[in-house]
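Reading the structure
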Amino acid sequence: MRKTIQTIALLAGAMLLVASGGLADSGNGSSTHLQYLPAVVRTRAQTRPCLPRYSEREFLLQVNETSIFYEAFPEAADLNGDGLEDIVIQRTKYLTYETFPLDILLNDGQGGMILATSTMFSGPVPLVQNPTTVLVEDFNGDGRSDIYVADHGYDLPPFPGYQNTLVLSTPEGQLVDATANLPQQMDFTHSAAAADIDGDGDIDIYTGNNNSPANIDPQILVNNGGRFTVGANRLPPLLDLDLNHFTSCEFCDVDNDGDPDLVLGAGTEDRSTVLRNDGAGVFTAMAGSMPARESILDDAHDIEPLDINGDGFVDLFMEQLRRNDTSYIQVLINDGTGRFRDESVSRLEAFDRPVSTPELELRDFDRDGDLDLLAMPWDADNPDPLLFLNDGHGVFRRQAFDFGLQGGDLYLTFLDLEGDGGHDVLLTLNFPPDRVFVHRDLGCAASTP
């Protein structure tokens, strides 16, 4: 979920906006949050369109011996600046007060991973309790990746919240717990996004705090060389924000004026909304910027920006979770002013799989030069992502595909483990013990979609 927004003129139909998932690299070892790429996104290993062919499950390493069952979530990013994708693991034991250290797995450059937590961290390893979002950015401006973890803590009354975590790179090439550089507050952060909102070269953070006894509203954390302070009067004094009814967020330049605007996905509020940036990092609400959902009881769980129709303006995929734990995806098209209309029916093939899809990812999965949509399910019986292939004109059709996953394989990320442009699947499974597996992308299968 990851990057600085740069001032770039878009050529209509010739550029794509991609979001999280390591699709682009900023050139300094940090995975990007928002990055414009040429429309042709060919891999080094394959040039003809085809779907991946996956290996059988392969054991990579055991992280630790434990008798405690917890959920271990992997996030792919280049953490040591060698151009290869590594992994940061964050853990939680839901509805408990237990805390767990972050773990770092480094790519060994030979298709494997090594546990490097003790060597990468200088000093104590930070502990997280119930992490919701991991942002990988160059927060201290040294050209290497840093880590911010949004954490809402114990999710039952009295909802005490938890301190968010900051990890910065050191001149020696290690990582250090720099949480002291954040505001010290037990907030209830359910979402977060990062971008340089004021054009000063530092990556700032939006914290999507929800209601809790701490009564800490959503905030802009203004960065000054890796130290963050709460930005006063940066967000509009909306009733919506005071009540904290937004459950997801994303920075993207909706009006093509060169600065990042803020899209907020609604929880129990009537509609999602766009907050327009004035260029100095002060945001105002755009009236009528977002269409309605099926129900005001739906929760927006993820937002992915992409120029879907090739007109040079960023559009949105927005995943909505219903109260019955099924979900649907909205395709929202920018009208050129930063306001969006719903074109889901014509641009996304309907799906009736009754599962929640808490995370969306954009990848050129079929190697045809455009970005496809993956919806990562939260269903222990049907863990395969839902795959929607882009026809090259912004219409996404469901493609049945067997990823080789098994029941319970919910803790996964896509990454390019060998550096060959593939879509490898890495799994973090706590049986216990704590083990990491991979399904390798072996290249083109015999047939094409």
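Structural data are supplied above this passage.
Keep in mind that what you see is a predicted model, and the values were worked out from it rather than measured.

Reading the values: rules and limits
Residues numbered from 1 in each chain as written. Predicted model: local features only at pLDDT ≥ 70, side-chain atom pairs only at ≥ 80, totals over all residues. Heavy atoms only, no water. Disulfide = S-S within 2.5 Å. Helix = DSSP H or I, 4+ residues; strand = E, 2+ residues; numbered from the N terminus. Buried < 20%, exposed > 50% of the residue type's maximum accessible area, 1.4 Å probe, protein only. Salt bridge = Lys/Arg side-chain N within 4 Å of Asp/Glu carboxyl O. Pairing = 2+ DSSP bridges. Axes fitted to C-alpha atoms, helices over the stretch in contact; angles between N-to-C directions.

**Comments concerning the state of the cysteines**
The tally for this structure, following the rule as stated, stands at 1 disulfide. Here Cys50 connects covalently by a disulfide to Cys444, the sulfurs 1.9 Å from one another. Here the disulfide of Cys50 and Cys444 is left-handed, its torsion about the S-S bond being about -70°. On the criterion of sequence distance, the pair formed by Cys50 in the loop between strand 2 (35–38) and strand 3 (52–54) and Cys444 in strand 34 (residues 441–444) is long-range, its members being 394 residues apart. For Cys444, a relative accessible area of 13% corresponds to the buried category.

**With respect to the pattern of salt bridges**
Applying the stated criterion across every chain yields a total of 13 salt bridges. The salt bridge partner of Glu343 is Arg341, with a shortest N-O separation of 2.7 Å. By relative accessible area, which is 15% here, Glu343 ends up buried. Among the ionic pairs, Arg440 bridges to Glu418, the shortest N-O distance being 2.4 Å. Of the two residues, Arg440 is situated in the loop between strand 33 (434–439) and strand 34 and Glu418 in the loop between strand 31 (412–415) and strand 32 (424–430); the sequence distance between them amounts to 22 residues. Three or more residues joined by partner-sharing salt bridges are found here, namely Glu58, Glu418 and Arg440.

**Some words on the sheet that holds strand 15 (residues 189–195)**
With antiparallel pairing, 4 strands are arranged side by side in an open sheet as 15-16-17-18. Either end of the sheet is taken by a strand with one partner, and the two such strands are strand 15 and strand 18 (228–230). Within this sheet the neighbouring strands show an average axis-to-axis angle of 25°, counted without direction. Summarising the sheet, strand 17 (residues 219–223) and strand 18 pair through 3 bridges and their orientation is antiparallel. Note that in strand 18 the partner of Asn223 across the bridge is Phe228.

**Re the pairing of strand 8 (residues 103–107)**
Most of strand 8 is tucked away: 5 of the 5 residues are buried. Burial along strand 8 is two-sided: the face carrying Asp103, Leu105 and Asn107 and the face carrying Ile104 and Leu106 are both buried. Pairing analysis gives 3 bridges linking strand 6 (residues 86–92) to strand 8, with the strands arranged antiparallel. When the sheet's bridge partners are listed, Ile89 is paired in strand 8 with Asp103. The pairing of strand 8 with strand 9 (residues 113–115) spans 3 bridges and is antiparallel. Within strand 9, the position partnered with Asn107 by the bridge is Met113. With antiparallel pairing between neighbouring strands as the criterion, strand 8 and strand 9 make up a hairpin whose turn holds 5 residues, including Gly109 at a positive phi of roughly 80°.

Keep in mind these values describe shape, not function.
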